Amino acid sequence: MMQELITTLEKLTPAEGYGSTHLPEVAVFRAQKNVPTMPIIYEQTICIAVQGRKITRTADRVLEYNPEHFVVVPTIMPFECETIYTEEEPFLGLAVDIDFSVVQEIMDMLGDKFSEASMSMEPSPGMYLEKFDSKMQESCLRLLRSLENESDAMVLGRQMIREIYYRTLMSENGHILASAAGGESAYAKIAKAIRTIHDNYAESLDVAQLAKTASMSPRSFQRHFKAATDCTPIQYLKRIRLDRARHLLVRKGLQANVTSHMVGYESTSQFSREFKGYFGYPPRDAHKAVIPGLVR
């Protein structure tokens, strides 16, 4: 089955980099050139490698996803990522965005298994691994086959996405995804605050405001936030701003002084200093340092 997954993904990724599909929730990826370790942001997604491997690093955690394990990212996570492959076997993978409303529908159908009382209220990680077993492989293969035809993708592919959510929920750590999707858990409240940062990063935000958004005390909010993201809320806000700035610099060709104000910085010099400290190159070199197709 793994060979069928590889063959199907090869057909769907004729070029290097991220490729769109007939479904906006699904992206496919091929890497066959050197992809250095770089800071990136993953939105809520399920990432699967069928060939090669990726290593993700945060301040306190290192996770590797590969043909044996896939990674689940229930919250918007900043981390460093390294892509590993051989010349004969390029990296091949797919990413399925997580729609919490659909996940919640599945949880409702499952009943007591994912009731609020059964979900952990303790801090949970912003990303975790699950075994890429034969059932999940089969679901992914059917999804990829449906993507070869637009009609199949719109009708069958969306059902396959639901099946992938279901398989993920039923996996060993499915309670973590369930907790993020379940509206009143502490983890869901952190996910909501993270979404607030993601949607309003250019505005002036502080811990007290964000804690209020999560209906938590500032102390409890910071503890749960650090457990989910491996950084403080203010560090997280800075990383989101810098990542969005890189996209504007690379994809829009904007100047640093314009970009800095668009992402919430009052001082262009501070922006340039923090940008270089985070990415390792100044804003003016962003278009040289990044291959646009390799950053989703």
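Details of the structure are given in the entry above.
This write-up is about the structure you can find in this document.

Definitions and cut-offs
- Residues numbered from 1 in each chain as written.
- Predicted model: local features only at pLDDT ≥ 70, side-chain atom pairs only at ≥ 80, totals over all residues.
- Heavy atoms only, no water.
- Helix = DSSP H or I, 4+ residues; strand = E, 2+ residues; numbered from the N terminus.
- Buried < 20%, exposed > 50% of the residue type's maximum accessible area, 1.4 Å probe, protein only.
- Areas by Shrake-Rupley, 256 points an atom, 1.4 Å probe, with all protein chains shown as cover.
- Lys, Arg positive; Asp, Glu negative; His and termini not counted.
- Charge placed at Lys NZ, Arg CZ, Asp CG, Glu CD.
- Pairing = 2+ DSSP bridges.
- Axes fitted to C-alpha atoms, helices over the stretch in contact; angles between N-to-C directions.
- Phe/Tyr/Trp six-rings, centres within 6.5 Å; stacked < 30°, edge-to-face > 60°.
- Lys NZ or Arg CZ within 6 Å of the ring centre and 35° of its normal.
- Patch = residues over 30% accessible without salt bridge, like charges linked within 9 Å, V, L, I, M, F, W, Y side chains within 5 Å.
- Salt bridge = Lys/Arg side-chain N within 4 Å of Asp/Glu carboxyl O.
- Parallel < 35°, antiparallel > 145°, perpendicular 65-115°, else oblique.
- Contact = heavy atoms within 4.5 Å.
- Nonpolar A, V, L, I, M, F, W, Y, C, P; charged D, E, K, R; others polar.

1. So, the overall build of the chain
In step 1: Within the chain, the secondary structure is distributed over twelve helices and ten strands.
In step 2: With the principal axes as the frame, the chain shows a C-alpha extent of 55 × 50 × 35 Å.
In step 3: Buried positions account for 51% of the 296 residues belonging to the chain.
In step 4: Accessible surface for the chain amounts to roughly 13,600 Å². Of this, 49% is attributable to carbon and sulfur atoms.
In step 5: Charged side chains of the chain number 34 positive and 37 negative; the gap between the two group centres comes to 6 Å.

2. So, the sheet that holds strand S2 (residues 26-31)
In step 1: Strand order in this open sheet of six strands is S1-S2-S9-S4-S7-S10, and the pairing throughout is antiparallel. Each of the sheet's edge strands pairs with one partner strand only, and the pair in question is strand S1 (17-20) and strand S10 (128-131). The mean angle between the axes of side-by-side strands here comes to 25 degrees, regardless of whether they run parallel or antiparallel.
In step 2: The sheet contact formed by strand S7 (residues 69-73) and S10 spans four bridges and is antiparallel. Bridging across to S10, Val72 finds its partner in Tyr128.

3. So, the environment of His287
In step 1: Note on placement: His287 falls in helix H12 (residues 286-289).
In step 2: It is 38 Å that separates the C-alpha atoms of His287 and Met136, two residues lying 151 residues apart in sequence.

4. Some points on the packing of aromatic side chains
In step 1: One pass over the structure, following the stated rule, counts twelve aromatic pairs.
In step 2: Judged by centre distance (6.2 Å) and plane angle (75 degrees), the rings of Phe70 and Phe132 are edge-to-face. Within this pair, whereas Phe70 is found in strand S7, its partner Phe132 is found in the loop between S10 and helix H3 (134-146), the two being separated by 62 residues in sequence.
In step 3: Judged by centre distance (4.7 Å) and plane angle (50 degrees), the ring pair of Phe275 and Phe279 falls under tilted. Taken together, the residues span about one helical turn, with Phe275 and Phe279 both in helix H11 (residues 268-279) at a distance of four residues. Phe279 shares its class with Phe275; the two are buried.
In step 4: For Lys54, the ring lying beneath its charged end belongs to Phe29, and the centroid distance is 4.2 Å.
In step 5: One residue, Lys54, lies across the ring of Phe91, its end atom 5.3 Å from the ring centre.

5. Re a nonpolar patch on the surface
In step 1: Together, Met154, Val155 and Leu156 line one region of the surface with nonpolar side chains, adding up to about 280 Å² of accessible area.
In step 2: On the secondary structure map, Leu156 appears in helix H4 (residues 150-169).

6. Considerations on unusual backbone geometry
In step 1: The phi torsion at Ser215 lies on the positive side, around 55 degrees, for a residue other than glycine.
In step 2: With respect to the element layout, Ser215 can be found in the loop between helix H7 (207-213) and helix H8 (218-229).
In step 3: We note that Asp230 has phi near 65 degrees; this positive angle belongs to a residue other than glycine.
In step 4: Among the structural elements, Asp230 can be located in the loop between H8 and helix H9 (233-252).

7. Looking at the packing of H9 against H11
In step 1: Remark: H9 packs on H11, axes separated minimally by 10 Å, with the N-to-C direction vectors making an angle of 95 degrees. When the axis of H9 is compared with that of H11, the two are roughly perpendicular. Together, Lys238, Arg239, Leu242, Asp243, Ala245, Arg246 and Leu249 of H9 and Phe271, Glu274, Phe275, Tyr278 and Phe279 of H11 make up the contact between the two elements.
In step 2: Within the contact of H9 with H11, the residues separate by chemical class into seven nonpolar, no polar and five charged.

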